[in-house]
Amino acid sequence: MEHPENSEEYKGLTVNSGVAQPSIINPYLSRNRFKRREMSAAEMVEGIVKGDVTILSQAVTLVESVNPRHQSKAQEVIEKCLPYSGHSVRIGISGVPGAGKSTSIDMFGCHVLDNYGGKLAVLAIDPSSERTKGSILGDKTRMEKLSVRKESFIRPSPTAGSLGGVARKTRETIILCEAAGYDKIFVETVGVGQSETACHSMVDFFLLIQLAGTGDELQGIKRGIMEISDGIVINKCDGNNVDKCQMAATNFRNALHFFPMPESGWLPKVLCYSGFYGTGIKEIWDMIYQYLDFVKANGYFDYRRNEQSKYWMYESINEHLKNSFYNNQLIADQLLGAEQKVLQGKKTSFAAAKDLLDMYYQSLRQCDK
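Novice: How would you summarise the overall build of the chain if you had to cite specific residues and measurements?
Specialist: Scanning the chain from N- to C-terminus turns up 13 helices and seven strands. The burial tally for the chain puts 40% of its 369 residues in the buried class. Considering only intrachain contacts with a sequence separation of at least 6, the fraction spanning at least 24 residues in the chain is 75%.

Right, dumping it as structure tokens:
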């Protein structure tokens, strides 16, 4: 744009057009200068064993990755960490949304660290949206006291569609945390009610948090999650809610008598507490350690750990077969066509599935030849 000062009216006055606006990016900046060097599996294991929280977080991210290259490296890290694992107490914590799981974990964690010492890892599972597939991962914000302690490690993870509200790689994350020296592991689930088998299959004690006024004895009997609970605690037992909580505790104790005795031989106890005010916390942890002493004495502790290892072997096989099927190029090419035939009523769901499986098995046989 011409400046008006350069017109004939202003002879003797000249204004330059100015300097071109420079780029906001430094032309001498080398992007490779800030590229992080990728750690080898051995270096990662060495950092984990030393208790480096940064490297532990990177390893957990590697385990949760769906990249095939990352998965192979993650398995190598896990295998090298296995000799350092298995020496922790694993506690699963579940309950309906709003029961106060995150607030309770904050109080539980501080109580355990103050009275028993050691290090604590909290694996908080956050539900993923069915529409956007995203997660808020904000449980850590509710653990204000625990999140600032150096001896604690809080890791929120998305469910990513996995059963039971437990992240697909939570068990592997437990191994990494144990190798890093965390002798107490909390696994917080999303509290979906009927599908907590996955969490129960990776912890030593399964704690169910309940609220008063959620139903009568019959409602308690219908809840399948109570069958796998090792202890039931009723939160928000404070103020005007104390009598309701005591009544609910009585109802739950009566409901437990309708269940067969658990394999451990331990009859689950029902206690009341207040996560907000921190009352009744000591009694809960006395119960948990009484249970651990009880099952270690009768041999059920080791039996349960062995059963869990066997369970996850089969789960890994199922997952590998599923991934192998859907990542097969032939299946990927035919899947949409088969789906359309089902939607158009030209083929039943079962027939379409059988044809795809036959096609998959045939492709495997051709690869073997």
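Next, the rest of the story.
Novice: So what about the confidence of the model for the chain? Which residues, and what values?
Specialist: With 82% of its residues at a pLDDT of at least 70, the chain reaches an overall mean of 82. For the chain, the element scoring lowest by mean pLDDT is helix H8 (residues 217-222), at 47; helix H10 (residues 281-298) scores highest, at 94. Confidence over residues 129-136 falls short of pLDDT 50; this stretch has nine contacts with residues more than four positions distant or in other chains.

Novice: Please give an account of the side chain of Thr-173 that cites residues and values.
Specialist: Examined against the element boundaries, Thr-173 turns out to sit in helix H6 (residues 170-179). What Thr-173 contacts, discounting residues up to four positions off in sequence, is Val-60, Val-63 and Leu-123.

Novice: Lay out unusual backbone geometry in plain terms, naming residues and giving numbers.
Specialist: Glycine aside, residues mostly have negative phi angles, and peptide bonds mostly take the trans form. Despite not being glycine, Lys-236 has its phi angle at roughly 65°, a positive value. Relative to the assigned elements, Lys-236 resides in the loop between strand S6 (231-234) and helix H9 (242-256).

Novice: Describe the packing of helix H4 (residues 101-116) against H10, naming the residues involved and giving the relevant values.
Specialist: The N-to-C vectors of H4 and H10 enclose an angle of 70°; their axes lie 10 Å apart at closest approach. In terms of their interaxial angle, H4 and H10 are classed as roughly perpendicular. Note that H4 runs across H10; the crossing there is right-handed. Note on element contacts: H10 touches H4 through Ile-281, Lys-282, Ile-284, Trp-285, Asp-286 and Tyr-289, opposite Met-107, Phe-108, His-111, Val-112 and Tyr-116. Broken down by class, the residue content of the contact of H4 with H10 amounts to eight nonpolar, one polar and two charged.

Novice: Account for the packing of aromatic side chains, with residues named and values stated.
Specialist: The full count for this structure, using the stated rule, is 15 aromatic pairs. Where Phe-108 meets Trp-285, the ring centres are 5.9 Å apart and the plane angle is 80°; that geometry is what we call edge-to-face. Here Trp-285 lies in helix H10 and Phe-108 lies in helix H4, a separation of 177 residues in the sequence. Given a relative accessible area of 0%, Phe-108 falls into the buried group. Centre to centre, the rings of Tyr-116 and Tyr-289 are 4.6 Å apart; their planes meet at 25°, and the pair counts as stacked. Placement of the pair is Tyr-116 in helix H4 and Tyr-289 in helix H10, with a sequence separation of 173 residues.

Novice: So, the pairing of S6: which residues are in play, and what are the values?
Specialist: Side chains Gly-231 and Val-233 project from S6 onto one buried face, and the interleaved Ile-232 and Ile-234 project onto a second face that is buried too. Here strand S5 (residues 205-210) pairs with S6 via four bridges, running parallel. The partner of Leu-207 across the bridge, within S6, is Gly-231. Of the strand pairs in this sheet, S6 and strand S7 (residues 269-272) are connected by four bridges, and their pairing is parallel. Paired with Ile-232 across the bridge in S7 is Val-270. Between the parallel pair S6 and S7, the chain is carried across by H9, and the sense of this crossover is right-handed.

What counts and what doesn't
Residues numbered from 1 in each chain as written. Predicted model: local features only at pLDDT ≥ 70, side-chain atom pairs only at ≥ 80, totals over all residues. Heavy atoms only, no water. Helix = DSSP H or I, 4+ residues; strand = E, 2+ residues; numbered from the N terminus. Buried < 20%, exposed > 50% of the residue type's maximum accessible area, 1.4 Å probe, protein only. Contact = heavy atoms within 4.5 Å. pLDDT = per-residue confidence, 0-100. Axes fitted to C-alpha atoms, helices over the stretch in contact; angles between N-to-C directions. Parallel < 35°, antiparallel > 145°, perpendicular 65-115°, else oblique. Left-handed = near helix turned anticlockwise from the far one by under 90°. Nonpolar A, V, L, I, M, F, W, Y, C, P; charged D, E, K, R; others polar. Phe/Tyr/Trp six-rings, centres within 6.5 Å; stacked < 30°, edge-to-face > 60°. Pairing = 2+ DSSP bridges. Right-handed = clockwise from strand over helix to strand, strands pointing away.

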